[in-house]
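What the coordinates show
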Amino acid sequence: MLVSLKKILEKAEKQHYAVGAFNINNLETIQAIMTAAETELSPVILSTSEGAIDYAGMEELAALAHIAAKKTKLPVVFHLDHGKNYDLVVKAIKSGWYTSVMFDGSSLPFKENAKKTKQIVALAHKKGISVEAELGAIAGIEDFVSVEEQDAHLTDPEQAIQFVRETGCDALAIAIGTKHGAFKFKGESRLDYARLKKIAEVVNVPLVLHGASGIPANIKRICTQYGCEISSAKGVADASVKKAITLGVRKVNIDTDLRIAFDAGIRKFLAESPEVFDPRKILTPAKELMTKVVRHKMKTFGSSNKG
Ligand code: G3H
Ligand code: 13P
Ligand code: ZN
């Protein structure tokens with residue numbers, strides 16, 4: 001059943017858990033996510049990035065997501081992730097396929113980000129589509145040379161109040177020290193919980209944690225054993241994500257953990273079964289590993305049995 005982001009996150013807010021937003025690029029990833037959702041009885045958000053749309057096509061991904069949503073009683077959100085291209089976000093809204101879009105104006109000056117987000121909200125709300133917006137730079141605390149530089153890039157609570165009030169967005173992606181991709185931290189994972197707590201206290205829309213992949217040790221081990229160069233990869237620990245949820249995060253974005261699970265499954269299978277060339281057989285272990293990862297996330301986020 002397709003639902004809006006607003007609806008799914010309202011329930012999460014009341015019951016203090018978070019819903020996973022998993023990036024999709026192909027049929028196998030959608031199947032893996034939906035198998036996990038059915039097993040865990042969890043609501044789920046299927047996210048398409050601009051890169052995924054370039055790769056697979058908006059219409060194609062929408063068709064796959066809509067079929068998956070039709071086949072389940074669980075709440076499913078079909079979401080545009082990091083829409084930086086204003087026209088693409090408008091296209092997604094007009095298509096009638098999306099139940100949620102993210103307009104990512106985080107690289108724009110505050111005023112311009114707020115202005116464009118507000119315009120997107122007006123268009124989307126007319127059609128009952130939710131809007132996620134972003135304020136701050138999701139880049140990782142260690143990317144900055146000083147505390148001052150870091151502070152200037154993380155989400156400012158006072159600005160967040162003004163931004164949400166001016167734009168009317170339904171969810172806000174915040175920067176508290178996470179980073180996209182597999183190489184998030186050099187040492188221990190560090191998130192600015194005090195900042196998150198403050199934002200959650202003053203902002204009245206659900207908060208979104210991007211760059212939340214954990215780089216699970218078992219998956220990383222298989223990847224590296226079979227030749228993938230990710231030995232220095234480091235993600236956000238499960239305990240850190242749980243703490244962020246306790247402090248008010250209601251949507252957690254995961255892409256990299258699915259990518260490395262897919263990679264691990266394929267590399268291991270091909271190395272161990274040189275005689276096989278049937279793509280269905282090659283992709284099955286990749287799908288199974290992705291399902292395991294997603295099930296683990298749903299348990300960690302507290303969304304299991306909330307569907
Ligand atoms: O937030 C970014 C997601 O991991 C999507 O990445 O733009 O390479 O598809 P992508
Ligand atoms: P990861 O790279 O940590 O999986 O983050 C994904 C994300 O934030 C997608 O929007
Ligand atoms: Zn993101």
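Residues numbered from 1 in each chain as written. Chains lettered and ligands numbered in written order. Predicted model: local features only at pLDDT ≥ 70, side-chain atom pairs only at ≥ 80, totals over all residues. Heavy atoms only, no water.

Further remarks concern the coordination of the zinc ion (ligand 3). When a metal carries six donors in an octahedron, the ideal angles between them are 90 or 180 degrees, while four donors in a tetrahedron ideally lie at 109.5 degrees. Each protein donor to the zinc ion (ligand 3) is listed here as H82 (NE2), H180 (NE2) and H210 (ND1); together their distances run 2.0 to 2.1 Å. Owing to a relative accessible area of 14%, H82 belongs among the buried residues under this scheme. Taking the relative accessible area as the measure of exposure, H180 reaches 41% and is therefore partly exposed. (Donors = N, O, S within 2.8 Å, 3.2 Å for Na, K, Ca; no water. Buried < 20%, exposed > 50% of the residue type's maximum accessible area, 1.4 Å probe, protein only.)

Let us look at the nonpolar core. Ranked by size, the top nonpolar core spans 80 residues in total, and within it F22, V101, L172 and V252 carry the most contacts. Residue contacts for F22: discarding those within four places in its chain leaves I33, V44, I45, L46, S47, I254, L258, V294, K297, M298 and F301. By size, the runner-up hydrophobic cluster in this structure holds 14 residues, among which are I8, A21, V77 and A171. (Core = buried A, V, L, I, M, F, W, Y, C linked by side-chain atoms within 4.5 Å. Contact = heavy atoms within 4.5 Å.)

Turning our eyes to something else, we now look at the site of ligand 1. All residues adjacent to ligand 1 are N23, S49, D81, H82, H180, D255 and R259. A distance of 3.3 Å separates an oxygen atom of ligand 1 from a polar atom in the side chain of H82. Between D255 and ligand 1, the recorded distance is 2.7 Å, taken from a side-chain N or O atom to an oxygen atom. Of the residues belonging to the shell around ligand 1, the class tally is no nonpolar, 4 polar and 3 charged. (Near = heavy atom within 4 Å. Polar contact = N/O pair within 3.5 Å; in protein donor to acceptor, adjacent residues only side chain to side chain. Nonpolar A, V, L, I, M, F, W, Y, C, P; charged D, E, K, R; others polar.)

We now examine the confidence of the model for the protein. Scored by pLDDT, the protein comes out at a mean of 97, with 100% of its residues at no less than 70. Ranking the helices and strands of the protein by mean pLDDT puts strand β1 (residues 19-23) first, with 99, and helix α7 (residues 147-153) last, with 82. (pLDDT = per-residue confidence, 0-100. Helix = DSSP H or I, 4+ residues; strand = E, 2+ residues; numbered from the N terminus.)

This paragraph deals with the packing of helix α5 (residues 86-95) against helix α6 (residues 110-126). For the pair α5 and α6, the least separation of the axes is 10 Å and the interaxial angle reads 15 degrees. Taken together, the axes of α5 and α6 are roughly parallel relative to one another. Viewed along their axes, α5 and α6 form a crossing whose handedness is right-handed. Between α5 and α6, the contacting residues are Y86, V89, V90 and I93 on the first element and K116, Q119, I120, L123 and A124 on the second. Tallied by class, residues from the contact of α5 with α6 come to 7 nonpolar, 1 polar and 1 charged. (Axes fitted to C-alpha atoms, helices over the stretch in contact; angles between N-to-C directions. Parallel < 35°, antiparallel > 145°, perpendicular 65-115°, else oblique. Left-handed = near helix turned anticlockwise from the far one by under 90°.)

Once that is clear, we can look at the pairing of strand β6 (residues 171-174). Across the two faces of β6 the burial is the same, with A171 and A173 and L172 and I174 all buried. Two strands pair when backbone bridges link them, and strand β5 (residues 130-135) and β6 are joined in this way by 4 bridges, in the parallel orientation. The residue bridging L135 from the neighbouring strand is I174, located in β6. Taken together, β6, helix α9 (residues 193-202) and strand β7 (residues 207-209) constitute a β-α-β crossover, and its handedness is right-handed. (Pairing = 2+ DSSP bridges. Right-handed = clockwise from strand over helix to strand, strands pointing away.)

With respect to the secondary-structure elements, T72 resides in the loop between α4 (58-70) and β3 (76-83). Residues contacting T72, with those up to four places away along its chain left out, are M1, M34 and E38.

Next up on the list: helix α13 (residues 279-301). With 23 residues, α13 should reach 33 Å at 1.5 Å per residue; the first-to-last C-alpha distance of 32 Å fits that figure. Among the residues of α13, I282, L283, A286, L289, M290, T291, V293, V294, K297, M298, T300 and F301 are the ones counted as buried. N-cap assignment for α13: the residue whose side-chain oxygen lies 2.9 Å from the backbone N of R280 is D278. A positive phi of about 80 degrees marks G302, the residue just after α13. (Expected span 1.5 Å × (residues − 1).)

For the rest of this paragraph, the subject is the packing of aromatic side chains. Considering all chains together, one arrives at 3 aromatic pairs under this definition. Their ring planes at 70 degrees and their centres at 5.9 Å tell us that F110 and F163 sit as a pair that is edge-to-face. Here F163 lies in helix α8 (residues 157-167) and F110 lies in helix α6, a separation of 53 residues in the sequence. Over the face of the ring belonging to Y193 we find K243, whose NZ or CZ atom lies 4.4 Å from the ring centre. (Phe/Tyr/Trp six-rings, centres within 6.5 Å; stacked < 30°, edge-to-face > 60°. Lys NZ or Arg CZ within 6 Å of the ring centre and 35° of its normal.)

Turning our attention to helix α2 (residues 27-40). Look at α2: 20 Å from first C-alpha to last across 14 residues, which is about the 20 Å you get at 1.5 Å a residue. Of the positions making up α2, those classed as buried are E28, T29, I30, A32, I33, M34, A36, A37 and E40. Turning to α2, the residues buried within the fold contact β1, β2 (44-48), α4, β3, α12 (256-272) and α13. Count one or two residues on from α2 and you reach L41, which has phi positive near 50 degrees.

As a further point, take the site of ligand 2. Inspection of the region around ligand 2 gives 14 residues, with D81, K184, S213, D255 and T256 positioned closest. At a separation of 3.0 Å, an oxygen atom of ligand 2 approaches a polar side-chain atom of H180. G181 is positioned with one of its backbone polar atoms (N or O) 2.8 Å from an oxygen atom of ligand 2. Out of a free accessible area of 310 Å², ligand 2 has 97% covered by protein chains. Taken together, the elements giving at least two residues each to the shell around ligand 2 come down to β3 and β8 (249-254). Broken down by class, the residue content of the shell around ligand 2 amounts to 2 nonpolar, 9 polar and 3 charged. (Areas by Shrake-Rupley, 256 points an atom, 1.4 Å probe, with all protein chains shown as cover.)

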